[in-house]
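Working through the structure, step by step
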Amino acid sequence: MAPAAREWPELAARGGTWPGDHPQDRAMNILHDNRNLLEHAKAHSKSIATPVRDHLTHVGAFLAELLKHPPGADWWASHEALHREVRDLRANMNQHFKTLEISTKGLPSITSWAAAARKAPPPTSASISHATNSTEPASPPELRDADKVIVKLGSPAMVKRYRGYKPERILHDTEQARRRLAMAEGSLPLAGVKFCAARQLMSGDLSLTLRSAAEAEVARRHPAWAKALDRDAVIRRPTYGVVVHGVPRGSADLAHDQEVIIDRLVTQNSHCWGEKAEIDRVNWLAGEPTRTRGRATGLR
């Protein structure tokens with residue numbers, strides 16, 4: 001009769017007081033049990049799956065190395081500090097969740113985006129005021145054209161030539177001119193813009209669209225690319241009329257002192273216009289002044 005197979009050895013780390021033992025004692029008990037299990041299986045030809053055997057071997061090697069070089073006091077201190085930090089984070093998160101739950105109670109429910117849109121104020125255009133009686137701000141249709149650059153061709157012959165071009169051809173020529181100028185000047189701002197649409201207007205001018213109003217302004221500040229489309233081409237710069245009321249018509253000779261008056265206006269208003277403000281022209285709203293002293297409707 002074959003002898004009965006011996007049971008597996010009792011584990012030293014199975015005691016009820018094991019969780020409260022010192023970590024080093026626990027490591028020694030686990031290492032002891034690990035070796036006993038492997039030796040018992042080998043001595044009594046008990047089959048252990050290869051992954052389990054490899055795991056026990058690795059655990060034993062790790063525990064042996066850990067006992068030879070146990071963590072110092074600094075390691076345990078940092079370990080405890082980490083635990084305290086985690087506890088504090090959990091407490092703060094729970095407090096935030098409670099606060100959020102309280103603050104969201106009683107809020108009106110919105111069943112759809114349409115309901116939210118009905119409660120929203122009407123759209124308005126942004127405006128900047130400098131404590132003056134300013135005119136109305138630009139309307140959305142006007143702002144939509146801020147990303148366009150208008151190129152005025154220099155001769156009827158060039159206008160006729162571009163009449164025969166498709167928008168794709170105009171766009172290709174414009175982009176090619178921009179890239180060449182950006183490389184020649186080494187201009188990073190000009191290299192960063194891109195024309196995305198082009199067409200010829202009824203007037204013969206070319207309307208070129210960029211990706212934003214900022215890119216359109218960069219293209220205007222580097223106008224040499226337009227000369228590749230037509231050597232006499234001129235980039236039209238957007239102007240905005242400003243009417244000044246109550247100016248005596250005989251107080252200035254706009255026909256002869258145009259530059260002097262423009263310089264004076266820019267200098268005296270630089271504190272609110274900024275250093276980059278430019279005045280294209282100044283003229284009387286109701287024609288040139290006569291010898292009779294009167295009051296003009298204003299300047300623009």
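In what follows, the accompanying structure is described. (Residues numbered from 1 in each chain as written. Predicted model: local features only at pLDDT ≥ 70, side-chain atom pairs only at ≥ 80, totals over all residues. Heavy atoms only, no water.)

Turning our eyes to something else, we now look at the sheet that holds strand S2 (residues 195–200). With respect to topology, four strands assemble into an open sheet ordered S2-S3-S1-S4, the strand pairing being antiparallel. In this open sheet, the two edge strands, each paired with only one partner strand, are S2 and strand S4 (234–236). Direction aside, the axes of adjacent strands within the sheet are offset by 30° on average. Helix H7 (residues 167–185) rests against S2 and strand S3 (206–210) of the sheet, and its axis sits at about 130° to S2. (Pairing = 2+ DSSP bridges. Helix = DSSP H or I, 4+ residues; strand = E, 2+ residues; numbered from the N terminus. Axes fitted to C-alpha atoms, helices over the stretch in contact; angles between N-to-C directions. Contact = heavy atoms within 4.5 Å.)

Time to look at the packing of aromatic side chains. Both the distance between ring centres and the angle between the ring planes are used here to describe each pair of aromatic rings. Under the defined criterion, the tally for this structure stands at two aromatic pairs. Between the NZ or CZ atom of Arg169 and the centre of the ring of Tyr165, over which it lies, the distance is 4.2 Å. (Phe/Tyr/Trp six-rings, centres within 6.5 Å; stacked < 30°, edge-to-face > 60°. Lys NZ or Arg CZ within 6 Å of the ring centre and 35° of its normal.)

Counting buried residues along S3, five of its five residues qualify, which places the element largely inside the surrounding structure. By the alternation rule, side chains of S3 split into Leu206, Leu208 and Leu210 and Ser207 and Thr209, which are all buried. Bridge count between strand S1 (residues 148–152) and S3: four bridges; the pairing is antiparallel. Across the sheet, the residue bridging to Ile150 is Ser207, located in S3. (Buried < 20%, exposed > 50% of the residue type's maximum accessible area, 1.4 Å probe, protein only.)

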